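Structural overview for review
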Amino acid sequence: MNQIAVIGSGTMGNGIAHTFAQFGYNVNLIDVNESALVKALDTIDKNLNRQVTKGTLTTDEKASTLARITTYSSLKAGVENADLVVEAATENLDLKLNIFRELDANAPQHAILASNTSSISITHIASVTKRGAQVIGMHFMNPVPVMKLVEVIRGYATSDETTAKVMELSTKLAKTPVEVNDYPGFVANRILMPMINESIYTLFEGVAGVQEIDTVMKLGMAHPMGPLQLADFIGLDVCLAILNVLHEGFGNPKYAPCPLLVNMVRAGKLGVKSGEGFYNYAGGTKDAPVSAKFTN
């Protein structure tokens, strides 16, 4: 397994492409938006420069990593020689189903089709293909080049052979793969998102402010980042989408998203990527943002 295709060149997609290329795999990075591909290569270049500065990568290794990445705006052309395809598009069910229909029609018969989805059913995704045994979840954590965990999600039809190959491949990327079964939110987000949602409710109900809530969790629970700042980093729209999947999948009101989260997403306050969420990033940084103002 040497030829990798990555669908989507956003934060997760470019991180996945960066990681595979760094570990010697040839990568086709695919996005319908040409300017997004240019931005992705620039981001990968900057992140590789950070590794060079830290001494974890040489300049020659950086150059060879970039040389292994080829960009495509055509899905068909980008996957025709792939051994593994990793879909990292927006967390939207209809979009993912359409992508997997195209992948099934255009990727080689032997190719494994993986999704980086953080919550959507692998079984549902696999159902629109004729190769359910070769469809699997590879849920990388953000930032991909740094974080060690890969949730490897087995759909109902995923074969032992496919699972073993993806577990082995993840290890070759210096990651720690963890095999989980296909239920809403898997493990990571089934546990994380209710905590974030409860933190938002704590703010919404006036129990404490943004910085106070995050300080309690950082100092009291030894979390490296408070849950509200983490939500900003993930993207409030992504948090809302995952909570909706949990709520609909389990039918349990404990997963219902906080009204404050819903309103913030409607207002376009999505966190770091929009410049404002629970914190305002215009005058600060992701490390030292300024708490935004809230009213109920």
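Residues numbered from 1 in each chain as written. Predicted model: local features only at pLDDT ≥ 70, side-chain atom pairs only at ≥ 80, totals over all residues. Heavy atoms only, no water.

**Some details on the UniProt feature "site: Important for catalytic activity" (unreviewed entry) in the protein chain**
Under the feature "site: Important for catalytic activity" (unreviewed entry), the UniProt entry names His139. Overall, histidine 139 belongs to the buried group, its relative accessible area being 6%. For histidine 139, the residues in contact, after removing those within four places along its chain, are Ser115, Asn116, Thr117, Ser118, Leu149, Val150, Glu151, Ile153, Ala188 and Asn189. Here glutamate 151 takes part through its side chain, which lies 2.8 Å from a polar atom of the side chain of histidine 139. (UniProt positions renumbered as here; feature names shortened; annotations may be inferred. Buried < 20%, exposed > 50% of the residue type's maximum accessible area, 1.4 Å probe, protein only. Contact = heavy atoms within 4.5 Å. Polar contact = N/O pair within 3.5 Å; in protein donor to acceptor, adjacent residues only side chain to side chain.)

**Remarks on the UniProt feature "binding site: NAD(+)" (unreviewed entry) in the protein chain**
In this numbering, the UniProt entry assigns the feature "binding site: NAD(+)" (unreviewed entry) to Gly8, Ser9, Gly10, Thr11, Met12, Gly13, Asp31, Glu91, Lys96, Ser118, Asn142 and Lys273. Counting through the fold element by element, threonine 11 comes out in helix H1 (residues 11-22). By the element assignment, glycine 13 lies in helix H1. (Helix = DSSP H or I, 4+ residues; strand = E, 2+ residues; numbered from the N terminus.)

**Digging into the packing of helix H8 (residues 188-204) against helix H9 (residues 210-221)**
At a minimum axis separation of 9 Å, H8 and H9 run at an interaxial angle of 140°. Of the possible angle classes, the one that applies to H8 and H9 is oblique. Helix-helix and strand crossings are classified by hand; for H8 and H9 the assignment is right-handed. Only Val210, Ile213 and Met217 of H9 make contact with H8, whose side of the interface consists of Met195, Ser199, Thr202 and Leu203. Looking at the contact of H8 with H9 residue by residue, the classes come out as five nonpolar, two polar and no charged. (Axes fitted to C-alpha atoms, helices over the stretch in contact; angles between N-to-C directions. Parallel < 35°, antiparallel > 145°, perpendicular 65-115°, else oblique. Left-handed = near helix turned anticlockwise from the far one by under 90°. Nonpolar A, V, L, I, M, F, W, Y, C, P; charged D, E, K, R; others polar.)

**A few points about the state of the cysteines**
Linking two cysteines covalently via their sulfur atoms produces the bond known as a disulfide. Summed over the entire model, instances satisfying the criterion amount to zero disulfides. Cysteine 239 forms no disulfide, and the closest cysteine sulfur to it belongs to cysteine 258, at a distance of 12 Å. On the basis of relative accessible area, cysteine 239 is assigned to the buried category, the value being 1%. Note on cysteine 258: relative accessible area 0%, which makes it buried. (Disulfide = S-S within 2.5 Å.)

**So, the nonpolar core**
Counting residues in each nonpolar core, the largest one holds 30 residues, and the members touching the most others are Ile16, Phe20, Val27, Leu84, Val86, Met138 and Phe140. Here the element with the most residues in this core is H1; it accounts for five residues. Ignoring sequence-local partners within four residues, the contact set of phenylalanine 20 consists of Ile4, Tyr25, Val27, Leu84, Val86, Met138, Phe140, Leu169 and Leu173. Counting residues in hydrophobic clusters, the runner-up holds 24 residues, among them Ala231, Cys258, Leu260 and Met264. (Core = buried A, V, L, I, M, F, W, Y, C linked by side-chain atoms within 4.5 Å.)

**Looking at the packing of H1 against helix H2 (residues 34-54)**
Here H1 crosses H2 at 55°, and the two axes come no closer than 10 Å. In terms of axis orientation, H1 runs oblique to H2. In this structure, H1 crosses over H2, and the sense of that crossing is right-handed. Mapping the contact onto sequence places Asn14, Ala17, His18 and Gln22 in H1 and Ala40, Thr43, Ile44, Asn47, Leu48 and Gln51 in H2.

**Section: the sheet that holds strand E7 (residues 149-154)**
Taken together, eight strands build an open sheet; the order of strands is E3-E2-E1-E4-E5-E6-E7-E8 and the sheet is mixed. The open sheet has two edge strands with one neighbour each: strand E3 (69-72) and strand E8 (176-181). Sheet twist, expressed as the average angle between the axes of neighbouring strands with direction ignored, equals 25°. (Pairing = 2+ DSSP bridges.)

**Here's the deal with the packing of aromatic side chains**
Within the structure shown, the criterion is met by four aromatic pairs. Between phenylalanine 20 and tyrosine 25, the ring centres sit 5.7 Å apart and the planes meet at 85°, which makes this aromatic pair edge-to-face. For phenylalanine 20, a relative accessible area of 0% gives the class buried. When its relative accessible area of 8% is taken as the criterion, tyrosine 25 is described as buried. Grouping aromatic residues by their ring pairs yields a cluster made of Phe20, Tyr25 and Phe140. (Phe/Tyr/Trp six-rings, centres within 6.5 Å; stacked < 30°, edge-to-face > 60°.)

**Some details on unusual backbone geometry**
Looking along the chain, the bond that leaves asparagine 142 and enters proline 143 is cis, with omega of 0°. Following the sequence through the fold, proline 143 ends up in the loop between strand E6 (135-140) and E7. Positive phi is not limited to glycine here, since phenylalanine 186 has a value of about 55°. By the element assignment, phenylalanine 186 lies in the loop between E8 and H8.

**Examining the pairing of strand E1 (residues 3-7)**
Across the five residues of E1, five count as buried, placing the element largely inside the fold. Alternating positions in E1 separate into two faces, Gln3, Ala5 and Ile7 on one and Ile4 and Val6 on the other, with burial throughout. Sheet topology places E1 next to strand E2 (residues 26-30); five bridges connect them, and they run parallel. Residue pairing across strands places alanine 5 opposite asparagine 28, the latter belonging to E2. Sheet analysis places E1 next to strand E4 (residues 84-87), joined by four bridges and oriented parallel. Bridge pairing in E4 places valine 6 opposite valine 86.

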